[in-house]
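# Architecture at a glance
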Amino acid sequence: MTVECPGHPRRYSRSIGRAPRLVPAVLCALALAFLQRAVAQESASPLEYQVKAAFLFNFAKFVEWPSDNPRDAEDGFVICVFEDESLAQALDQAVSGKTVEGRVFRVRRLQNLDDTRSCRMLYLGGSDTSRLVALLKSVRTTAVLTVGNAPGFTRQGGIINFIMQDNRVRFEINPEAADRAGLRISSKLLQLATIVRDAANLEHER
């Protein structure tokens, strides 16, 4: 399996036991550091889940939430996971003992989306596009960073979507969806992503 930072020509594979000499983006450095540790722990859970969990951890450092976000109160930084227990387990390991802006990371498994009030980040498992569209509508204008792993996720209003290309983990970002949620995504993160627009806006322009 290979991890490649979008927009950067260098590729990193399982053979990267030695540290890369130059990594131009902070996110890549952080993700690759986690990848190296993940390789060492590969027997614990699939590498793909561990790499995605490392990215989720790092996304939190490159997104600004509204300062008056009520989710800041007592819960720490909560990453909610819906319908993907393997990812949740990998995330447990990735964020264990970690903090961001003084807030402790917490992983919360959701059985439904009736209560996302504590979620700053929401990972939606599954690949049923019509169902994901309905789920995204339920959090469309709330300050929640939605992350998915399904074709068309960002075009349907999700903010970040993992994609696999030639066995490489990459990600897409829909800046319009981030704006609706009141989130500000760092230009460093945007530079690493494939930028995607809302499907509705694309249809309107045709």
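First things first, this report covers the structure right here in the doc. (Residues numbered from 1 in each chain as written. Predicted model: local features only at pLDDT ≥ 70, side-chain atom pairs only at ≥ 80, totals over all residues. Heavy atoms only, no water.)

A word on the pattern of salt bridges. Enumeration according to the criterion identifies 6 salt bridges in this entry. Salt-bridge contacts for Arg 109 lead to Asp 92; the nearest nitrogen and oxygen are separated by 2.8 Å. Taken together, the residues span a long stretch of sequence, with Arg 109 in strand β6 (residues 103-110) and Asp 92 in helix α3 (residues 85-95) at a distance of 17 residues. Here Arg 109 falls in the partly exposed class, since its relative accessible area comes to 32%. (Salt bridge = Lys/Arg side-chain N within 4 Å of Asp/Glu carboxyl O. Helix = DSSP H or I, 4+ residues; strand = E, 2+ residues; numbered from the N terminus. Buried < 20%, exposed > 50% of the residue type's maximum accessible area, 1.4 Å probe, protein only.)

The next subject is the side chain of Glu 172. Tracing the sequence through the fold places Glu 172 in strand β10 (residues 168-173). Nearest to the buried, unbridged Glu 172 among oppositely charged side chains is Arg 155, at 6.4 Å. A distance of 2.9 Å separates polar atoms of two side chains, one belonging to Glu 172 and the other to Thr 154. (Lys, Arg positive; Asp, Glu negative; His and termini not counted. Polar contact = N/O pair within 3.5 Å; in protein donor to acceptor, adjacent residues only side chain to side chain.)

Turning our attention to the nonpolar core. One finds Phe 59, Leu 145 and Phe 171 to be the most contacted residues of the largest nonpolar core, which totals 42 residues. Element by element, the count of residues in this core is highest for helix α2 (residues 47-59), at 7 residues. (Core = buried A, V, L, I, M, F, W, Y, C linked by side-chain atoms within 4.5 Å.)

This brings us to the pairing of strand β7 (residues 121-124). Judged by which residues are buried, β7 turns out to be covered on both faces: Met 121 and Tyr 123 on one side and Leu 122 and Leu 124 on the other are all buried. Pairing geometry for strand β4 (residues 77-82) and β7, over 4 bridges, is parallel. Across the sheet, residue Cys 80 finds its bridge partner in β7, namely Leu 122. Sheet topology note: the β7/strand β8 (residues 145-148) ladder contains 4 bridges and is parallel. Considered in β8, the bridge of Met 121 is made with Leu 145. For the crossover from β7 across helix α4 (residues 129-138) to β8, the handedness is right-handed. (Pairing = 2+ DSSP bridges. Right-handed = clockwise from strand over helix to strand, strands pointing away.)

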